[in-house]
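So the chains spell out like this:
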Amino acid sequence: MSGRLPGGDAGMTTSEYAMGTIAACAFAAVLYQVITSDMVSTALESIIGKALSAQF
């Protein structure tokens with residue numbers, strides 16, 4: 001046994017890594033735009049403000 005997987009597919013090729021990296025960067029850019037939008041930013045500030053002003 002040479003340790004290879006059946007079917008001859010030993011893993012991702014360089015082009016698959018490149019496409020995965022591009023997809024991850026595009027997703028990160030979209031997520032950044034959503035998080036920094038006014039509506040989400042206001043909601044996060046409200047949640048954090050309520051959490052910090054809670055009485056124990």
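Everything here concerns the structure above.
If you're wondering where the values come from, they're calculated on a predicted model, not measured in any experiment. (Residues numbered from 1 in each chain as written. Predicted model: local features only at pLDDT ≥ 70, side-chain atom pairs only at ≥ 80, totals over all residues. Heavy atoms only, no water.)

1. Quick look at the overall build of the protein
If you tally the helices and strands in the protein, you get 2 helices and 0 strands. Out of the 56 residues belonging to the protein, those deemed buried represent 0%. When the accessible surface of the protein is summed, it comes to about 5300 Å², and 68% of that surface belongs to carbon and sulfur atoms. (Helix = DSSP H or I, 4+ residues; strand = E, 2+ residues; numbered from the N terminus. Buried < 20%, exposed > 50% of the residue type's maximum accessible area, 1.4 Å probe, protein only. Areas by Shrake-Rupley, 256 points an atom, 1.4 Å probe, with all protein chains shown as cover.)

2. Some thoughts on a nonpolar patch on the surface
Taken together, the side chains of Phe 27, Val 30, Leu 31, Val 34, Ile 35, Leu 44, Ile 47, Ile 48 and Leu 52 present a nonpolar region at the surface, about 900 Å² in accessible area. Listing elements by their share of the nonpolar patch, those giving two or more residues are α1 (14-35) and α2 (38-52). Here the element with the most residues in the nonpolar patch is α1; it accounts for 5 residues. (Patch = residues over 30% accessible without salt bridge, like charges linked within 9 Å, V, L, I, M, F, W, Y side chains within 5 Å. Salt bridge = Lys/Arg side-chain N within 4 Å of Asp/Glu carboxyl O.)

3. Observations concerning α2
Helix length check: α2, at 15 residues, gives a terminal C-alpha distance of 21 Å against a target of 21 Å (1.5 Å per residue), a fit within 8%. The buried fraction of α2 amounts to 0 of the 15 residues, a small share that puts the element mostly on the outside. (Expected span 1.5 Å × (residues − 1).)

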